[in-house]
Structure formats: structure tokens, C-alpha cells
Amino acid sequence: MILIYLLKVSACTVVFFATYQFLLSKLTFFKLNRIYLLSALFFSFLIPALTIENKKEVVVQKQALITQVAYAEGEISEKDFDGTGTTPNHPIDWNQTFTILYSFIAAGLMVRTLWSIGHVSFSIRRNVSSKVGPLLYVPADSAIKNCSFLNKIIVDESLEEREKQLVISHETAHLGQAHAIDKLLINFIVCILWFNPIIYFWRNAIAHNHEFLADEAVLKSADRNFYASLLLNLATPASHLIANSFSKLPLKNRITMMYKKPNSNLSRLFYFFVVPVVLLCSLAFVNRKEVIVQRNVDEARQSVSTLTGFQDKFYKTSIVLDPNAKPAFKAADMVLVLDAGHGGKDAASIALDGQLEKDMNLRAVKILQQEAIKRGIKVRLTRSSDEFVSLRDRLPLQAATAFISIHHNATAKGAPVVFRGIEVYVSKLNRNIKNAEELGAGILSKLKQANGIAVQDSLKNASLLLLRESKTPAVLIELGNITDQKSLDFIKQEANLRKISNLILDGFVSFSKRGC
């Protein structure tokens with residue numbers, strides 16, 4: 001997510017700038033300091049974007065997978081009671097709120113920066129009295145003078161000739177060393193990292209470094225005392241962040257550096273020791289991804305015997321992990337959104353024993369949640385109690401790996417008997433149907449291992465809002481027919497629901513790791 005990335009970038013800037021401020025800023029190697037400040041910005045954005053993969057091998061039992069996605073006949077529908085009743089309060093999506101707020105402020109700062117560039121350019125053109133190549137002469141009462149802006153040098157025409165030459169020499173150094181590019185870059189980065197206080201100190205450090213470099217170039221041929229006196233006489237407040245002013249307050253650091261004895265060349269070695277250490281410390285902000293490499297049981301026949309004792313107490317799952325190893329995946333990498341169908345005023349169907357489908361859906365989802373947590377899977381529920389949630393409000397707003405909606409089937413009195421077992425639905429109208437098909441087919445292939453209840457051979461297509469409009473790969477699972485006694489007896493048993501839950505999770509885990 002963009003905000004997490006930018007927070008990591010900000011953390012990197014703290015490490016890099018602290019190193020500069022306490023170890024490098026007092027050195028007189030201004031060119032090296034400029035290289036450090038610019039390259040450290042680059043690495044601050046690069047390091048959090050890197051991902052280090054850690055491959056880990058697990059042994060899985062060989063399973064028959066669905067190689068072709070087939071569909072069975074039949075449709076289902078679900079009513080959304082949007083027109084009546086009380087709509088429950090839904091939690092605010094703070095991540096989306098902060099992202100919108102951040103983007104709004106960043107865009108506003110970008111516009112202000114561009115406006116500042118245009119304003120300075122217009123003000124200069126309006127006050128120019130004469131022009132000689134890149135030199136623009138302005139009257140003494142001009143608000144913008146004795147500075148360089150982009151590829152132009154603006155000089156007060158009322159200065160004495162010797163003073164003009166020093167100003168021109170100083171600003172020519174800015175132009176020759178392309179300081180304007182640094183200025184534009186850091187100002188736009190400030191717009192991106194506006195919430196990070198360190199970036200404002202970084203901008204000041206770059207501005208000071210520019211002045212040190214320009215002063216160094218001038219002092220190769222100018223009198224140090226006269227030049228320092230001129231800086232004090234022409235000192236003005238820093239009102240324009242885009243332009244390089246000849247003498248802007250404060251001047252203490254500049255004058256101190258002008259009279260400071262240059263550091264010995266041996267001190268340059270300091271950079272070769274400090275910079276690599278700082279880079280290594282910053283690698284703490286690199287993303288880490290654990291890649292699971294699965295080996296078929298036939299390819300690891302000798303080692304699999306050591307793992308046979310590690311089985312779920314309710315059911316033998318298709319994924320067998322080393323009990324002494326770390327979890328096969330990180331919770332942050334795998335997010336499952338579970339939806340208990342219906343709820344509140346929407347009771348849906350009634351089972352033969354009088355149970356309401358909405359309650360059975362919630363019970364099944366909570367069991368599925370418990371089994372997922374055991375595996376380290378992060379779970380979000382669309383509802384955790386008997387409340388009404390509209391269909392559209394059930395759709396995942398935050399990033400997730402998959403979205404599974406749990407339901408139970410029913411047959412109306414006098415109607416033809418529908419399928420009595422487990423069915424998996426997707427919607428062909430979803431733009432990401434291929435991902436949904438892969439998720440559904442993977443779960444269906446695992447569910448076929450279930451004993452005691454029938455499982456539909458193929459996926460079923462349904463034009464349901466949850467499946468049709470979900471941006472997250474979505475499936476709907478009918479856990480059985482609650483108006484069929486045999487099916488109901490199976491579903492009522494918690495142990496059976498846990499078996500089914502683990503098979504569903506097996507399919508989900510395989511889907512989430514399919515690209516590894």
C-alpha cells in the first residue's frame with residue numbers, strides 16, 4: 001500500500017539525514033556531500049520498494065487437480081433489502097480516508113509549487129530593464145534580484161561593478177553545477193513526503209550545500225573579506241524556495257565554512273566507511289517475502305515419513321508442513337474476507353429442524369475463521385453478529401487475497417429437489433473471472449475429498465452482485481441443502497464443518513501461493 005511504502009521511505013530519510021547531520025555536514029567536501037544528499041534520497045525511495053525472497057520447501061501430498069474449468073447448470077439469487085428497515089452503522093475505512101487526504105494535500109502542494117515557478121518567472125520578466133545573454137538586470141526596488149532562477153541570472157543594476165561581478169560569479173557557479181535541477185527535485189519530493197518533518201530539513205541542507213559550493217567557486221579568485229562583507233550587506237530573507245539567492249539569511253553557516261580550514265584528503269575515507277554501514281542499516285526497511293516451493297510426495301518419498309504425524313485432529317489436510325518449521329506464510333501476505341450470507345431482518349431459508357439459514361451461515365463462518373487463524377491467515381468478516389448488511393456493503397474495500405461468501409441451499413415445498421450437497425459459484429460477468437475460476441476450481445478440487453456429503457463436480461455460474469462486482473477474487477459456497485435431512489445431519493456436526501473448513505482453506509492457500 002502506498003501509505004505504508006511512504007512511511008518506510010520516511011523512516012529511511014531519518015537514518016540517512018541523521019548520518020549527514022551528525023557526521024558529514026561539518027566536512028568541507030561539498031561535492032561529496034551533494035552526491036550523498038541526492039543519492040540518499042534515491043535510496044530512500046528505492047530500498048522500501050525492494051523485496052527479498054526467502055525460498056522454503058514444503059512437502060505436499062499429491063492431489064488430483066481440476067485442469068479444465070467446467071460449469072454445471074443452475075442459477076441462484078439473493079435479495080438485498082435496501083429499501084426498508086434500519087441500515088447498520090459500518091466502520092470507517094480509515095486506510096482509504098487517509099489515502100484520499102494524503103493525495104489531496106500532495107496534489108495541492110504540487111499545484112502550489114508549479115504556481116510558485118510561474119509566479120517567479122512572471123515577476124522577473126515584468127521587472128527586467130536590460131538583458132545580456134543569461135544575465136537579466138532589474139532595478140533596485142525589484143522584489144527578486146541577485147539570484148539565479150532556472151537558466152537565468154538576475155542582478156541588481158544599481159550595484160557597483162565589482163559587486164556585480166561577484167554576484168554574477170556566484171550565480172554562474174549555481175548554473176554551471178545545475179543546482180536548479182536539485183531545487184526542483186527536492187521541492188517536488190517535499191510535496192510527496194509533506195507529512196515527514198525530516199524532508200524540510202533535507203531541503204535546507206541541499207540549499208546550504210549549494211551556497212557552500214558556489215562560495216567555494218567564487219573564493220578561488222575573490223578576496224574573502226570583501227566577499228563576506230558583501231554577503232552581509234546584501235542579505236535578504238529567503239522568500240523563494242525555487243530560486244538560488246546570492247545572500248539569504250541566515251548566513252552564519254556560510255561564513256563559518258568560508259573561513260574554515262579545509263579537511264585533509266585523508267578524511268575522504270570517512271565516506272567509504274560511513275555510507276556502506278548506513279546502507280546496510282537501511283536494508284531493515286526492505287520487504288521480505290517467503291516463497292513456498294512445494295514438492296510432490298512422490299519426489300520426497302524418503303522425507304515425507306517424518307511428517308506423517310503432523311495432521312489436523314479433525315481431518316487430514318492436503319498440505320503437510322514441518323511442525324518444527326516457521327509458518328509457511330506470513331499473515332500479512334494472506335488476507336481472507338469471509339461473508340456470512342443474509343443476517344438481521346434477512347433470515348433467508350429455514351432448515352427442517354427450525355434453524356434459520358442466516359444463523360447457520362454465521363456459525364459456519366466463525367468455524368472457518370477459527371481454522372484460518374490456526375494457520376496464521378488474517379481474516380476479515382463482513383458481519384460477526386446477527387445484523388443486516390446490504391450486498392454492496394459486503395464487498396471488500398481493502399486489499400485482500402480472496403473473498404468467500406458462505407450460504408446453505410434449500411428447496412421450497414413442492415419444488416423439484418435441487419442438489420443436496422456442496423456447490424461452488426462464481427460469476428462469468430466479473431472482469432477478473434479467471435482469478436475467481438482459479439480460486440473456485442482449487443477449492444472445489446479439495447472439497448471432493450470430503451466424505452459423507454456430495455460435492456458438485458463443476459463450478460456453477462451465478463449473476464450475483466457479490467460475485468459480479470467484487471474486485472477481489474470471489475466465490476460463493478453452498479455448504480449443503482438444509483431442507484434435506486441427510487445433508488442437514490452432516491452440516492449440524494461441528495467436526496464435519498471443521499473438516500469442510502480445512503478443505504476450503506487448503507484450496508485458498510494453494511490459490512494464494514499459485515505464483516510462487
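Look up: the structure comes first, before these words.
Within any chain, residue numbers begin from 1 and follow the written order of that chain's sequence. Only residues with pLDDT of at least 70 are given local features in this predicted model, and only at 80 or more are side-chain atom pairs given and counted; all residues enter the totals for whole chains, interfaces and linings. Excluded from the side-chain calculation are hydrogens and water; included are all heavy atoms of the structure.

Caption draft 1: Representation of the packing of helix α12 (residues 433-447) against helix α15 (residues 494-512) in the model. To obtain each axis, a line is fitted to C-alpha atoms, and for helices this fit is confined to the stretch in contact; angles are then taken between N-to-C directions over 0 to 180 degrees. Secondary structure elements are defined from DSSP: runs of H or I of at least 4 residues count as helices, runs of E of at least 2 residues count as strands, and each element is numbered from the N terminus. Interaxial distance between α12 and α15 falls to 8 Å at its minimum, and their mutual angle equals 140°. Taken together, the axis directions place α12 and α15 in an arrangement best described as oblique. Crossing handedness for the pair α12 and α15: right-handed. For the pair formed by α12 and α15, the contact residues are Asn435, Glu438, Leu439, Gly442, Ile443, Lys446 and Leu447 on the first element and Ile500, Leu503, Ile504, Asp506, Gly507, Phe508, Ser510 and Phe511 on the second. Each residue belonging to the contact of α12 with α15 can be placed in one class, and the counts come to eight nonpolar, four polar and three charged. Each angle gets one of four labels, with under 35 degrees taken as roughly parallel, over 145 as roughly antiparallel, 65 to 115 as roughly perpendicular, and the rest as oblique. In this scheme the handedness of a crossing depends on how the near helix is turned from the far one: anticlockwise by less than a right angle means left-handed, clockwise means right-handed. Contacts are residue-level and defined by heavy atoms, with any inter-residue pair within 4.5 Å sufficient. Here the nonpolar group is Ala, Val, Leu, Ile, Met, Phe, Trp, Tyr, Cys and Pro; Asp, Glu, Lys and Arg are the charged ones; every other residue, Gly included, is treated as polar.

Caption draft 2: Examining helix α9 (residues 269-282) more closely. A helix is expected to reach a length of 1.5 Å times the quantity of its residues less one. Its 14 residues place the ends of α9 21 Å apart at the C-alpha level, agreeing with the 20 Å of an ideal helix rising 1.5 Å per residue. Burial status follows relative accessibility: with a 1.4 Å probe on protein chains alone, a residue under 20% of its type maximum counts as buried, one over 50% as exposed, and anything between as partly exposed. Taken as a whole, α9 has its buried residues at Tyr271, Val274, Val278 and Ser282. Seen from one end, α9 has its buried residues packed into an arc of 80°, which puts them on one side. What points out from α9, more than 90 degrees from its buried face, is the exposed set Phe272, Phe273 and Leu280. The secondary structure elements touched by the buried residues of α9 are α1 (2-24) and α2 (30-46). Here the arc refers to the directions that run from the helix axis out to each C-beta atom.

Caption draft 3: Molecular detail of the nonpolar core. The criterion is simple. A nonpolar core is a set of buried Ala, Val, Leu, Ile, Met, Phe, Trp, Tyr and Cys residues joined through side-chain atoms within 4.5 Å. One finds Ile377, Ile404, Leu447, Ile477 and Ile504 to be the most contacted residues of the largest nonpolar core, which totals 45 residues. Contributing elements (two or more residues each) for this core: β10 (335-340), α10 (357-374), β12 (402-409), β13 (423-426), α12, β15 (474-481), α14 (485-492) and α15. Tyr36, Ile198, Ile206 and Val286 belong to the second largest nonpolar core, which has 31 residues in total.

Caption draft 4: Here's a closer look at the side chain of Asn146. Within the secondary structure, Asn146 sits in the loop between β4 (135-138) and β5 (147-149). Using a relative accessible area of 8% as the deciding quantity, one classes Asn146 as buried. From its side chain, Asn146 meets the backbone nitrogen of Asp156 in a polar contact 3.1 Å long. Every residue in contact with Asn146, bar those within four places of it in the chain, is listed here: Ile154, Val155, Asp156, Leu159, Val167, Glu171, Leu234, Ser245 and Phe246. In the analysis that follows, any N or O atom pair within 3.5 Å is treated as a polar contact, provided that within protein one partner can donate a hydrogen and the other can accept it, and provided that, for residues neighboring in sequence, both atoms belong to side chains.

Caption draft 5: View of the packing of aromatic side chains. When the centres of two rings from Phe, Tyr and Trp lie within 6.5 Å, Trp using its six-membered ring, the rings pair. Their planes under 30 degrees apart give stacked, over 60 give edge-to-face, and anything left gives tilted. Here the structure, examined in full by the defined rule, presents 11 aromatic pairs. Between Phe29 and Tyr271, the ring centres sit 6.2 Å apart and the planes meet at 70°, which makes this aromatic pair edge-to-face. With Phe29 in the loop between α1 and α2 and Tyr271 in helix α9, the pair connects residues that are 242 residues apart, well separated along the chain. Across the pair, exposure class does not vary: Phe29 and Tyr271 are buried alike. Ring geometry for Tyr227 against Phe246: centres 5.9 Å apart, planes inclined by 80°, an arrangement best described as edge-to-face. A residue pair is termed long-range when its members are at least 10 positions apart, and Tyr227 in helix α7 (residues 224-233) and Phe246 in the loop between β7 (244-245) and α8 (252-259) qualify at 19 residues. The class of Phe246 is buried, set by a relative accessible area of 0%. Of the aromatic side chains, those joined through ring pairs into one cluster are Phe17, Tyr20, Tyr36, Phe201 and Trp202. Placement of a charge over a ring requires the Lys NZ or Arg CZ to be within 6 Å of the ring centre, with the centre-to-atom vector within 35 degrees of the ring normal. Residue placement shows Arg162 over the ring face of Phe226; its charged tip is 3.7 Å from the ring centre. A cation over an aromatic ring shows up here: Lys345 above the ring of Phe388, its NZ or CZ 4.5 Å from the ring centre.

Caption draft 6: Representation of the side chain of Lys358 within the structure. In this fold, Lys358 is placed in helix α10. Under the relative-accessibility criterion, Lys358 is labelled buried at 9%. The residues touching Lys358, leaving out its near neighbours within four places in the chain, are Gly341, His342, Gly343, Gly344, Asp346, Ala347, Arg383 and Asp386.

Caption draft 7: Fine view of the sheet that holds β4. Paired strands are those between which DSSP finds at least two bridges. Pairing is mixed across the open sheet formed by five strands, whose spatial order is β3-β4-β6-β5-β7. Edge positions in the open sheet fall to β3 (130-132) and β7, since each of these has one partner strand only. Alignment of β4 against strand β6 (residues 152-156), held across four bridges, turns out to be parallel. The residue of β6 that forms the bridge with Leu136 is Ile154.

Caption draft 8: The arrangement of the pairing of β13 in detail. Every second residue of β13 is oriented toward a common face, with Glu423 and Tyr425 on one face and Val424 and Val426 on the other, all of them buried. In the sheet, β13 pairs with β15 via three bridges, with the strands oriented antiparallel. Bridge assignment links Glu423 to a residue of β15, and that residue is Glu478. Bridging between β13 and strand β14 (residues 459-461) involves two bridges; their strand directions are parallel. Bridge pairing in β14 links Tyr425 to Lys460. Handedness of the β13-α12-β14 crossover: right-handed. Handedness of a crossover is defined as follows: with both strands directed away from the viewer, a clockwise route from the first strand across the helix to the second makes it right-handed.

Caption draft 9: Fine view of the packing of α2 against helix α5 (residues 179-192). Running from N to C, α2 and α5 point in directions that differ by 35°, and their axes come no closer than 12 Å. Considering how the two elements wind past one another, α2 and α5 form a crossing that is left-handed. Of the residues in α5, those in contact with Arg34, Leu38, Leu41 and Phe45 of α2 are His179, Asp182, Leu185, Ile186, Ile189 and Ile192. For the contact of α2 with α5, a count of residues per class yields seven nonpolar, one polar and two charged.

Caption draft 10: Up close: empty space enclosed by the protein. Using only the protein atoms, space was sampled on a 1 Å grid; points where a 1.4 Å probe fits but cannot get out form cavities, open sets with protein on both sides within 12 Å along at least five of seven lines form pockets, and lining residues are those with an atom within 4 Å of a point. Grid points are joined across faces, edges and corners, and a volume is the space filled by probe spheres set on the points. Applying the stated criterion to the full structure yields one cavity of 30 Å³ or more. Empty space within the largest cavity amounts to approximately 50 Å³. Lining the largest cavity are Ala364, Leu368, Ile406, Leu479, Leu497, Ile500, Ser501 and Ile504. Every element with two or more residues in the lining of the largest cavity is listed here: α10 and α15. The element that contributes the greatest number of residues to the lining of the largest cavity is α15, accounting for four residues. The residue inventory of the lining of the largest cavity, partitioned by class, reads seven nonpolar, one polar and no charged.

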